[in-house]
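Inside the fold
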Amino acid sequence: MKIILASNNKNKLREIREILEPSGIEVVSQAEAGADIEVEENGKTFAENAFLKAKAVYEMTGLPVLADDSGLEIEALDGAPGVYSARYAPEGQRKAKVLAEMKDIPDEKRTADFACCICYIDGQGREHYFEGKCFGKIGYENRGTNGFGYDPIFMYGGKSFAELTAEEKNKVSHRALALKKLKEYFVK
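The text that follows walks through the structure, step by step, so that each part is easy to find. The structure presented is a predicted model; accordingly, all values stated were derived computationally and were not measured.

1. A closer look at the overall build of the protein
Helix and strand counts for the protein come out as five helices and seven strands. Reading the protein from its N end, one meets helices and strands in the order β-α-β-α-β-α-β-β-β-β-α-α. In terms of C-alpha radius of gyration, the protein reaches 16 Å, essentially the compact-globule figure of 16 Å for 188 residues. Within the span of the protein, comprising 188 residues, buried residues form 46% of the whole. Across the protein, the fraction of contacts at a sequence separation of at least 24, relative to all contacts at a separation of at least 6, is 58%. Of the accessible surface of the protein, which amounts to about 9,500 Å², a share of 50% is contributed by carbon and sulfur atoms. Within the protein, the 31 negative side-chain charges are centred at a point lying 2 Å from the centre of the 27 positive side-chain charges.

Structure, rendered in structure tokens:
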């Protein structure tokens, strides 16, 4: 089975391939499928943004597509950055902005989660949604060199997501949990 990922994010593509390809699902980027577009993510929810990306690539290719939208939700910041995670600050400044906003927040109030919604559009154009959440805390500094995005400041147990190996992260991450539900859908 072949699915187009409605993204050109190399880190996201690698992570999704690591999770789906052992199940016999080949994942190609939208660029590899000839859908060289940039979709404006102006939805108010992760599901809406995932749908916008999947729909655009499906309309160009007519092939099965999956898109995910995910982000960091911090309780002390009323759920921010949320759906604006990728646009919360200029590239390279997002983690610093979160850490600055959290500097006076005590440990017990640093709870956060990574949320993910996957929209899968099958070969007949039907939409299917799969969600996953991973709960943790916001750390006090960047830790680790693995992962991407907010991973160095998101603490899961005693480690940041960026300190986990890909194998460890792919067992517990928000995206892995949503992709597990997608894989279960294919087995039905």
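2. Quick look at the sheet that holds strand β2 (residues 26-29)
A sheet is described by the order of its strands in space; here seven strands give the open sequence β2-β1-β3-β4-β5-β6-β7, paired in mixed fashion. The open sheet has two edge strands with one neighbour each: β2 and β7 (159-160). Here strand β1 (residues 2-5) pairs with β2 via four bridges, running parallel. Within β2, the position partnered with L5 by the bridge is S29. Contacting β1, β3 (65-74), β4 (111-121) and β5 (127-138), helix α2 (residues 46-61) crosses the sheet at an angle of about 160° to β3.

3. Some remarks on the nonpolar core
Counting residues in each nonpolar core, the largest one holds 17 residues, and the members touching the most others are I16, L20, V27, L66, I118, L179 and L182. Where this core is concerned, the elements lending two or more residues are β1, α1 (10-20), β4 and α5 (174-187). The contact partners of V27, leaving out residues within four places of it in the chain, are I3, L5, L13, I16, R17, L20 and E21. Formed by 16 residues, the second largest nonpolar core is a distinct cluster that contains V98, F114, I153 and F161.

About the thresholds
- Residues numbered from 1 in each chain as written.
- Predicted model: local features only at pLDDT ≥ 70, side-chain atom pairs only at ≥ 80, totals over all residues.
- Heavy atoms only, no water.
- Helix = DSSP H or I, 4+ residues; strand = E, 2+ residues; numbered from the N terminus.
- Rg over C-alpha atoms; globule rule 2.2 N^0.38 Å.
- Buried < 20%, exposed > 50% of the residue type's maximum accessible area, 1.4 Å probe, protein only.
- Contact = heavy atoms within 4.5 Å.
- Areas by Shrake-Rupley, 256 points an atom, 1.4 Å probe, with all protein chains shown as cover.
- Lys, Arg positive; Asp, Glu negative; His and termini not counted.
- Charge placed at Lys NZ, Arg CZ, Asp CG, Glu CD.
- Pairing = 2+ DSSP bridges.
- Axes fitted to C-alpha atoms, helices over the stretch in contact; angles between N-to-C directions.
- Core = buried A, V, L, I, M, F, W, Y, C linked by side-chain atoms within 4.5 Å.

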